[in-house]
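# Close look at the chain arrangement
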2 protein chains.
Amino acid sequence: MILDKINTPKDLKQIKTEELDVLANEVREIIIKKVNSTGGHMAPNLGILETTIALHYVFETPIDKIIYDVSHQCYTHKILTGRKDGFTNPDNYYKYTGYTAPEECEHDLFKVGHTSTSVSLACGVAKARDLKNEHYNVIAVIGDGSLSGGEALEGLNNAASFNSNFIIIVNDNDMSIAENHGGLYNNLKLLRDTNGQAENNFFKTLGFDYIYLKDGNNIEKLIETLKKVKDIDHPVIVHICTQKGNGLKVAEDNKEKFHWVMPGILDEETNTTSSEENYTSLTAKYIYEKAKEDQTVVAITAGTPGVFGFTPDFRSKLGKQYSDVGIAEEHAVAYASALAKSGAKPIFTVMSSFVQRTYDQLSQDLCLNNSPITMLVYWGGISGADATHLCTFDIPLISNIPNMVYLSPTNKEEYLAMLNWSIEQTKHPVAIRVPNIELVSTGIEDKTDYSILNKYKVEKQGEKVAILGLGNFYYLACEVAEKIKKDLGFEPTVINPRFITGIDKRLLEDLKHNHNIVITLEDGVLDGGFGEKITRFYGNSEIKVLNYGGFKEFPDRIPAEELHRRYRLTPEQILEDIRKL
Amino acid sequence: MILDKINTPKDLKQIKTEELDVLANEVREIIIKKVNSTGGHMAPNLGILETTIALHYVFETPIDKIIYDVSHQCYTHKILTGRKDGFTNPDNYYKYTGYTAPEECEHDLFKVGHTSTSVSLACGVAKARDLKNEHYNVIAVIGDGSLSGGEALEGLNNAASFNSNFIIIVNDNDMSIAENHGGLYNNLKLLRDTNGQAENNFFKTLGFDYIYLKDGNNIEKLIETLKKVKDIDHPVIVHICTQKGNGLKVAEDNKEKFHWVMPGILDEETNTTSSEENYTSLTAKYIYEKAKEDQTVVAITAGTPGVFGFTPDFRSKLGKQYSDVGIAEEHAVAYASALAKSGAKPIFTVMSSFVQRTYDQLSQDLCLNNSPITMLVYWGGISGADATHLCTFDIPLISNIPNMVYLSPTNKEEYLAMLNWSIEQTKHPVAIRVPNIELVSTGIEDKTDYSILNKYKVEKQGEKVAILGLGNFYYLACEVAEKIKKDLGFEPTVINPRFITGIDKRLLEDLKHNHNIVITLEDGVLDGGFGEKITRFYGNSEIKVLNYGGFKEFPDRIPAEELHRRYRLTPEQILEDIRKL
């Protein structure tokens, strides 16, 4: 194998250009095999494989700096920069993260996982270089899908005003995770259709020099093009057209499905989409039916429809009641707020990690205007995720904003009742933390009137110890209660708070009568979260309060079980703490 | 006066067009007089005065919807929509807010104060209209300065893809608050220079129809132009050139100075810039000197240099060590992070209210990468500000992010020591909450080693009650201590925490020995803030904790004194609470 000879980018430069295609095939096979085994970003990595080889052939990292947007397309980069063992040896398949990670390698500049940041980061790198009178190439690599994000556009605006070397590779595969949305994409299409010759050119309007390459999967042409811009003394856009999933027919034909895949994607003989109901399928079905009966219902996503079960079929059936605004979470919140203020019923679905983009929009565009939108927050909870995609900060982020009603259901019926109430009410911005656990159904319709805010539900009346189990952690509360009963011989009270954003003062006050310990459990970081508010309430009383949740940290692919132990979230540990009191 | 006849926009339509210029002069005089009396946004309102008259002459609000970006330019709109009493009668000068406010009037759609939101909001309004099969004009009014914000660009990308009426007035006065920055502004200049005829047109690349009007302060031409786009069936940009400060010579000549003015701006005979040292002047001076001795120091602002005392002279002297990235807070954080990672020393100055734009960038671009930037957060604290510009949320926003070190100094020497440490250290992202009180100087150099994190300072060792007074509220802690001594006859302990982002466990543990009450005071909302963490620490102990700070709400121009009483922040109220225990 040619790859055997390559341990650093320096080695790559010794390879004859005519052998690079062979190398590309080797890398492609390795990536396909590895990703099929572990899961991961299949299609993006196949699409940019040749570009990455060409980049390392022409430029000299780590002196030259390459900054990948999202960095989910960095597999070839990792393979060429000393980390091929993580791709060739199944024993090492989990050794490296799926994103750039400076702690792994000097060829990686930043830990990146959210979109649309590369150009802004590259601006800082280029500016530092210029201040220090250093000379090297700064290269940002950004996909067309990421261009719609505000941070990318802010970055482009400033990058264009540099008077020094600044290279931006726009990797245009005519796809976001799903299809692209927005006016910008018509211009990219025009540029593709005119071989980059159209007078009206988005990048040129910003002041960039501009080079177009149709054959973005052709290494020879890529090298030729990149050599032209190497050591350039001003900002330039290199607009290359690539094929997402290139070289793997089934991925080329199913680009969205192969964006991120589960292990074994290529081994499946039949369509194994689970027919079992879960909170995602439940929600998609609910929205679909709601939209059919009410033409003012709009499902909104910011570029990640697949996550929410918004299949191509769902999208086409919802028609104008489906809005994918592209990767543009800030816009999505303002858009939803104005829809609600104008009498429509927007449902914005978003992942906990990505809702982080929207703090100011939640505060100013939404909550200050008290617009009755429904925001569904997915994946919230402590997990073994990459540090770039943690879903543990949404409670502090969302719940400290005035006017917001943030709900945390514990089962199917509660969730549906909250959803229904939220969509039909007109008084509050409502967010619902979609349970991130297996679906639990009580079989009994929840008839709670959620317009009476901040009313917690006592699920089990007991004594001495009261356990507030929020959302996902309601079941942990039940386990702890069982354990207390068994080991300590009394029945504690179990409470399902349901409302994250408010205190049920009467209930908490009542607990003082025959309880002396209150325990809060929340599936997210403690700092700024739900439990601290309960503790504050009891600050001047005799009640002891123990708060359980995650620590303020960025754990990186630490298994959830290990984190639970670290955070003392096992029933055994909690019981131990109770005993100490 | 012609204005006497106008109580609603309907009345305006009865005015002969040739009288509109007279009306404009009347309105101009009223605005100048009022703003000179109360302070406010002088130049933006004078610039858009004629446009506003023309808008209300051509369109029919509240059926047609006008959405103003930032909405600091809405004075003429208010005068024409039934609120002229707030501008003509000095007794009513404070009756209406300086921003659009739906609670005041049906002609205002949203409460808005942050930039770059109008197009996104208009998308929601237009979409709701289309879903409901209604028919009216949706008009977003946005200034050139606001266009650089990510939310605006995200909004434009989506607005362009509408297939229905959508009018965007780009009010181009060739100014942000200060001068514009970024590639986009070269295109606006090109469009102005070519009378809108340049082939390469930023708005057209996004797919907008486009109309240019040079004479944006000419009512007749404005009406003619707006009539062309009224009831249009697709998205159109109306690019108008206006003069910021139009009709007030001194404002035309000093556009930045007259963007927002203090009362009496026109009455001053001499330059009354205070020569007294304050935290702003101190900081600007410090940065200037630091930058001179270290070429890697960069001062960064996102479009609001004046707030930080970055005068035109400062900017020109700092040269390439000064970066105004335009209104683009997200970009600014990522940019600073990358500068720091590349060995430079960035100092990003930002107002508490606007730092809200950057949560995800603080988390992902900055703290996950542990980049040693210095972020100076101004104006943090409870004040009588508009609900759109509250500065009470920065503690929950910033301090719950892992790796961040958020410092809260209480006097000049402490502040300078922190600043110096922050700029020179290379391990942590550091934010400093610049004191928002009168400058206090101890005259004694602070030699604390701030690299030892989370070490609180015991300013006065006492007993029974320990008071943690954070930042601005350190002095309140001293007052409370005095009062306790006087009224209760013992000396409480007074602590200056200095670190917002961490707990001094040893000190808090030690307090248990001879204290039974701990009080926390913070100048911001309590929810998710500093005090709750102290309370959590003591949750399982005998110590009683009382947290003082703001409530989770959006107070709108409520005087600080009133808020302090509401939040029980007077020494008397705090003493009363202590007595109860």
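Residues numbered from 1 in each chain as written. Chains lettered and ligands numbered in written order. Predicted model: local features only at pLDDT ≥ 70, side-chain atom pairs only at ≥ 80, totals over all residues. Heavy atoms only, no water.

### Topic: the overall build of chain A
Within chain A one finds 24 helices and 16 strands. In terms of overall size, chain A behaves like a compact globule, its C-alpha atoms giving a radius of gyration of 26 Å where 581 residues would be expected to give roughly 25 Å. The proportion of buried residues among the 581 residues of chain A is 68%. Considering only contacts within chain A whose residues lie at least 6 apart along the sequence, 76% involve residues at least 24 apart. (Helix = DSSP H or I, 4+ residues; strand = E, 2+ residues; numbered from the N terminus. Rg over C-alpha atoms; globule rule 2.2 N^0.38 Å. Buried < 20%, exposed > 50% of the residue type's maximum accessible area, 1.4 Å probe, protein only. Contact = heavy atoms within 4.5 Å.)

### Observations regarding unusual backbone geometry
Leaving glycine out, the prevailing phi sign among residues is negative, and the prevailing peptide bond configuration is trans. Threonine 61 of chain A connects to proline 62 of chain A through a cis peptide bond whose omega is 5 degrees. Within the element layout of this structure, proline 62 of chain A appears in the loop between α4 (49-58) and β1 (65-68). For aspartate 231 of chain B, which is not glycine, the phi torsion reads 60 degrees and is therefore positive. The residue aspartate 231 of chain B is located in the loop between α11 (219-229) and β5 (235-241) in this model. In this structure aspartate 231 of chain B comes out as exposed when scored by relative accessible area, which is 55%. We note that lysine 464 of chain B has phi near 65 degrees; this positive angle belongs to a residue other than glycine.

### Comments concerning the packing of helix α7 (residues 118-131) of chain A against helix α15 (residues 329-341) of chain B
Here α7 of chain A crosses α15 of chain B at 45 degrees, and the two axes come no closer than 7 Å. Accordingly, the angle class assigned to the pair α7 of chain A and α15 of chain B is oblique. Read as a crossing pair, α7 of chain A and α15 of chain B show a hand that is right-handed. Touching Ser120, Leu121, Cys123, Gly124, Val125, Lys127, Ala128 and Leu131 of chain A of α7 of chain A are His331, Ala334, Tyr335, Ala338 and Leu339 of chain B, all from α15 of chain B. Looking at the contact of α7 of chain A with α15 of chain B residue by residue, the classes come out as 9 nonpolar, 3 polar and 1 charged. (Axes fitted to C-alpha atoms, helices over the stretch in contact; angles between N-to-C directions. Parallel < 35°, antiparallel > 145°, perpendicular 65-115°, else oblique. Left-handed = near helix turned anticlockwise from the far one by under 90°. Nonpolar A, V, L, I, M, F, W, Y, C, P; charged D, E, K, R; others polar.)

### Topic: the sheet that holds strand β6 (residues 297-301) of chain B
Across a sheet, paired strands are connected by hydrogen bonds in the backbone, their directions being either parallel or antiparallel. Residues and elements named next belong to chain B. Ordered in space as β7-β6-β8-β9-β11-β10, the 6 strands form an open sheet in which the pairing is parallel. A single partner strand is all that each edge strand has here, and the edge strands are β7 (322-324) and β10 (405-407). For this sheet, the mean inter-axis angle between neighbouring strands, taken without regard to orientation, is 20 degrees. Along the sheet, helix α18 (residues 412-424) makes contact with β8 (345-351), β9 (374-378), β10 and β11 (430-433), crossing β11 at roughly 165 degrees. (Pairing = 2+ DSSP bridges.)

### Digging into the packing of aromatic side chains
Enumeration according to the criterion identifies 35 aromatic pairs over all chains in this entry. Here the aromatic residues Phe202, Phe203 and Tyr210 of chain A together with Phe202, Phe203 and Tyr210 of chain B are joined through ring pairs into a cluster of three or more. Geometry around tyrosine 75 of chain A places lysine 34 of chain A over its ring, the cationic atom sitting 5.9 Å from the centre. (Phe/Tyr/Trp six-rings, centres within 6.5 Å; stacked < 30°, edge-to-face > 60°. Lys NZ or Arg CZ within 6 Å of the ring centre and 35° of its normal.)

### A few points about the packing of helix α13 (residues 279-293) of chain B against α18 of chain B
All names here are of chain B. Between α13 and α18, the shortest axis-to-axis distance is 12 Å and the interhelical angle comes to 35 degrees. Read as a crossing pair, α13 and α18 show a hand that is right-handed. In contact with Tyr279, Leu282, Thr283, Tyr286 and Lys290 of α13, α18 contributes Lys412, Tyr415, Leu416, Leu419, Asn420, Ile423 and Glu424. For the contact of α13 with α18, a count of residues per class yields 7 nonpolar, 2 polar and 3 charged.

### Focus on the relation of the copies chain A and chain B
Mapping chain A onto chain B is achieved by rotating through 180 degrees and translating by 0.0 Å along the same axis, at an RMSD of 0.0 Å. Taken together, the rotation and translation describe the operation of a two-fold axis. A shared interface surface links the copies, since 100% of the contact residues of chain A are contact residues in chain B too. (Least-squares fit on C-alpha atoms with pLDDT ≥ 70 in both.)

### Here we look at the interface of chain A and chain B
By a widely used convention, the size of an interface equals the accessible area lost when the partners come together. On the side of chain B, 105 residues touch chain A, which itself brings 105 residues to the contact. Each partner contributes to the roughly 8600 Å² buried at the junction of chain A and chain B, and carbon and sulfur atoms together form 54% of this total. Linking chain A with chain B are 10 salt bridges, by the criterion used here. Two residues, aspartate 527 of chain A and arginine 536 of chain B, come together in a salt bridge whose shortest N-O distance is 3.1 Å. (Buried area = accessible area lost by both parts, 1.4 Å probe. Salt bridge = Lys/Arg side-chain N within 4 Å of Asp/Glu carboxyl O.)

### What to know about the sheet that holds strand β16 (residues 544-550) of chain A
Residue and element names in this part refer to chain A. Ordered by their spatial adjacency, 5 strands build an open sheet running β12-β14-β13-β15-β16, and the pairing between neighbours is mixed. Looking at strand neighbours, the two that pair on one side only are β12 (457-460) and β16, the edges of this open sheet. Direction aside, neighbouring strands of the sheet carry axes that sit 25 degrees apart on average. Pairing of β12 with strand β14 (residues 493-496) involves 3 bridges; the strand directions are antiparallel. Following the sheet pairing, lysine 460 is matched in β14 by valine 494. Together, β12, β13 (464-469), β14 and β15 (515-525) form the strand contacts of helix α20 (residues 474-488), whose direction differs from that of β13 by roughly 160 degrees.

### Concerning the side chain of asparagine 187 of chain A
The topology assignment puts asparagine 187 of chain A in helix α9 (residues 183-193). Of the polar contacts made by the side chain of asparagine 187 of chain A, one reaches the backbone nitrogen of phenylalanine 202 of chain A; its length is 2.8 Å. Ignoring anything within four residues of it in the chain, the contact list for asparagine 187 of chain A reads Asn200, Asn201 and Phe202 of chain A together with Thr205 of chain B. (Polar contact = N/O pair within 3.5 Å; in protein donor to acceptor, adjacent residues only side chain to side chain.)

### Some words on helix α21 (residues 505-514) of chain A
All names here are of chain A. When we look at burial in α21, the residues that qualify are Leu507, Leu508 and Leu511. End-on, the buried residues of α21 take up no more than an arc of 95 degrees, which puts them together on one face. Exposed residues on α21 whose side chains face more than 90 degrees from its buried face are Lys505, Arg506 and His513. Tucked inside the fold, the buried residues of α21 contact β12, β13, β14, β15 and α22 (531-538). (Arc of directions from axis to C-beta.)

### Observations regarding the environment of histidine 135 of chain A
Residues and elements named next belong to chain A. Here histidine 135 lies in the loop between α7 and β2 (138-143). Overall, histidine 135 belongs to the exposed group, its relative accessible area being 73%. Between the C-alpha atom of histidine 135 and that of serine 164, which follows or precedes it by 29 residues, the distance is 9.5 Å.

By themselves these figures say nothing about function.
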